[in-house]
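Listed below are the residues making up each chain.
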Amino acid sequence: MKNIWSLSMLLISAVLLGCGGGGGGSNPDISGGNPSVYVWPTGSAPLTVATSSYENKNAAQLVRTQLEKFDPNVSSVSVTFGDFFQDGQFSAFIVVNQSGTNGKVYFLRWKTATSAWVDDTDRILASTERSACVSSQYAITADFNGDQKPDVYLSCASSQQPVAQILFLSQSGGSYRKKTSEIVVDGKSAAALDINGDGKLDLITSHATSTTRGEPQVYFGDGLGGFSFQTRGSALVAQDTQNNCGGDSIPASIDSVSVVPSTSGRFDLILGSTGASNSIVWLRDLSPSSSPRYSVCSSKAFPNLTDTARLTDVYSSVSNAATSFYLARKSSPEAMSITKFSLTETLGNGGLSTTYTLTKGLQPVVLNAAGGLPDLFKLNGSVFQAFDAGCSTQTIRCSSLSASLSAIN
């Protein structure tokens, strides 16, 4: 009965807001408008950039977090938000894929007068700087060059060989500059955090074709938008290929990286893989002063995941010194679930050791929709809000799809 109620609540909330646009030119504000003639509001103080990519994503307070599919090839996951125009409101970064060549970058603004997202890319990004990856993946927002403005890191995938990942860095005059980074991986996702406590944001990236078992890539930032690779011996994600230290095995091929808030101000690391192994593993944050920051020796696999559904996003909820993790997983474009796992930390005798346990919730929320479902959500208070750039007219995917934490047990 509770599952039925949960699903009903989700479907009811899915129709609260319509799409307001459609595909291929049906929205003139996006596909054919001229935003340069529109007088945008001014005078508002720029929004503050948070110190982790997770916080920047989930702190975005938006009227709409779903963007109309104005091009049939828009990447549904290459979307992130920030005050890119420094006008005191959130704007959007997205990528439109182009067959056989690099995708194209767009910066969109929310136009209150018409309740629509507007392409205003030319205002802040030169036409020569708009090329993305051939296979653009997840995008994240963080301040990588230390100017208190949001930058974008775009993950680029390649099944043939590792490729350079891309940054879009804010400049002093208000524009953005594309930078082909020093990070060369088969990238599906990444997480930004000050890993080593030096006040500069660093990156942990996936590397799906790594030859070393369970080897996420760690890059230290220089505070100016540059990054240096940390070799295996100095990386802050310690490895043990023989698993001799008691932790659970981590995926042989990592394509999902998430750093999420946890108990006592920690930022725990969650690594995932796609395919037959379907392994998703939690690693405890050992503190910024610890080297390694994360260790396989303190890892725990999320239990009772018996299918091959793809991990699309991870969220956490922390209250009263207790942490719950929520895994969003898709078994097909039309079917997904959000499952809760509770983290229990038990002190051993004398308080010298701690046992960690992950317990799967009894009732995940299961969604099915013929029109397709988004890959991403953001956690807005106690409600999951769809976070998507690929919606189509009159589908659940292009509605205000949301789910309450209380509906997932």
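Residues numbered from 1 in each chain as written. Predicted model: local features only at pLDDT ≥ 70, side-chain atom pairs only at ≥ 80, totals over all residues. Heavy atoms only, no water.

Trainee: What exactly am I supposed to notice about the overall build of the protein here?
Mentor: When you go through the protein residue by residue, the secondary structure sums to three helices and 27 strands. Expressed as a percentage of the 409 residues in the protein, the buried residues total 55%. For the protein, long-range pairs separated by at least 24 residues make up 56% of all intrachain contacts whose partners lie at least 6 apart in sequence. (Helix = DSSP H or I, 4+ residues; strand = E, 2+ residues; numbered from the N terminus. Buried < 20%, exposed > 50% of the residue type's maximum accessible area, 1.4 Å probe, protein only. Contact = heavy atoms within 4.5 Å.)

Trainee: Just to check I follow, could you spell out the sheet that holds strand 7 (residues 151–156) for this structure?
Mentor: The strands that make up a sheet are held in pairs by hydrogen bonds between backbone atoms, and each pair lies either parallel or antiparallel. Ordered by their spatial adjacency, four strands build an open sheet running 6-7-8-9, and the pairing between neighbours is antiparallel. Across the chains shown, the open sheet's two edge strands, defined by having one partner strand only, are strand 6 (136–142) and strand 9 (176–185). Here the average twist between neighbouring strands, direction ignored, is 20 degrees. Taken together, the seven bridges between strand 8 (residues 163–170) and strand 9 define a ladder with antiparallel strand orientation. Across the sheet, the residue bridging to Val 163 is Val 185, located in strand 9. (Pairing = 2+ DSSP bridges. Axes fitted to C-alpha atoms, helices over the stretch in contact; angles between N-to-C directions.)

Trainee: In this structure, what is going on with the pairing of strand 22 (residues 335–347)? I would like to understand it.
Mentor: Walk down a regular strand and you will see the side chains alternate between the two sheet faces. Where strand 21 (residues 322–332) meets strand 22, nine bridges bridge the pair, whose relative direction is antiparallel. Bridge pairing links Lys 330 to Met 336 in strand 22. The turn joining strand 21 and strand 22, which pair antiparallel and follow one another in sequence, is formed by two residues. Alignment of strand 22 against strand 24 (residues 365–368), held across four bridges, turns out to be antiparallel. Paired with Met 336 across the strands is Leu 367, a residue of strand 24. Strand direction decides the pairing type here: strand 22 and strand 23 (residues 354–360), joined by seven bridges, are antiparallel. Looking at the pairing, Glu 345 lines up with Tyr 356 of strand 23.

Trainee: How should the side chain of Ser 155 be read in this particular structure?
Mentor: Among the structural elements, Ser 155 can be located in strand 7. Excluding residues within four positions of it along the chain, Ser 155 makes contact with Cys 133, Ser 135, Ser 136, Gln 137, Tyr 138, Gln 165, Gly 187, Lys 188, Ser 189 and Ala 190.

Trainee: Please explain the layout of surface pockets as it appears in this structure.
Mentor: Gaps left between atoms show up when a probe the size of a water molecule is rolled over them. Here the largest pocket defines a volume of roughly 480 Å³. The wall of the largest pocket is formed by 31 residues, among which Tyr 138, Ser 189, Val 257, Thr 312 and Asp 313 lie closest to the centre. When contributions to the lining of the largest pocket are tallied by element, the ones reaching two or more residues are helix 3 (53–58), strand 6, strand 10 (190–193), strand 15 (256–261) and strand 20 (310–319). Top contributing element to the lining of the largest pocket by residue count: strand 20, with six residues. A breakdown of the residues in the lining of the largest pocket according to their chemical character gives 16 nonpolar, 10 polar and five charged. Forming the walls of the second largest pocket are 13 residues, and the residues nearest its centre are Thr 51, Asp 143, Gly 146, Gly 199 and Leu 201. (1 Å grid on protein atoms, 1.4 Å probe; cavity = no way out; pocket = protein on both sides within 12 Å on 5 of 7 lines; lining within 4 Å. Points joined across faces, edges and corners; volume = space filled by probe spheres on them. Nonpolar A, V, L, I, M, F, W, Y, C, P; charged D, E, K, R; others polar.)

Trainee: Looking at this structure, I do not really get the nonpolar core. What am I missing?
Mentor: Counting 32 residues, the largest nonpolar core has Ile 270, Trp 282, Phe 302, Tyr 315, Phe 325, Leu 327 and Phe 384 as its most contacted members. Listed by contribution, the elements that provide at least two residues to this core are strand 17 (280–283), strand 20, strand 21, strand 22, strand 23, strand 24, strand 25 (376–380) and strand 26 (383–391). By size, the runner-up hydrophobic cluster in this structure holds 18 residues, among which are Leu 62, Leu 67, Val 79 and Phe 90. (Core = buried A, V, L, I, M, F, W, Y, C linked by side-chain atoms within 4.5 Å.)

Trainee: Looking at this structure, I do not really get the state of the cysteines. What am I missing?
Mentor: Disulfide: a covalent bond formed between the sulfur atoms of two cysteine residues. Considering all chains together, one arrives at one disulfide under this definition. With its sulfur 1.9 Å from that of its partner, Cys 133 forms a disulfide with Cys 156. Its S-S torsion of about -50 degrees marks the bond between Cys 133 and Cys 156 as left-handed, since a negative value means left-handed. Remark: Cys 156 occurs in strand 7 and Cys 133 occurs in the loop between strand 5 (116–119) and strand 6; sequence separation between them is 23 residues. Across the pair, exposure class does not vary: Cys 133 and Cys 156 are buried alike. (Disulfide = S-S within 2.5 Å.)

Trainee: Is there a simple way to think about the pattern of salt bridges in this case?
Mentor: Oppositely charged side chains may form a pair once their charged atoms are brought near each other. Per the stated rule, a full pass over the model turns up 12 salt bridges. Here Asp 120 makes a salt bridge to Arg 109, at a shortest N to O gap of 2.8 Å. Here Arg 109 lies in strand 4 (residues 101–111) and Asp 120 lies in the loop between strand 5 and strand 6, a separation of 11 residues in the sequence. Considered together, Asp 120 and Arg 109 belong to a single accessibility category, that of buried residues. Close ionic contact of Lys 188 with Asp 186 constitutes a salt bridge, the shortest N to O distance being 3.4 Å. Among the charged side chains, a salt-bridge network with shared partners connects Asp 87, Arg 109, Asp 120 and Arg 123. (Salt bridge = Lys/Arg side-chain N within 4 Å of Asp/Glu carboxyl O.)

Purely geometric stuff here, so don't read any function into it on its own.
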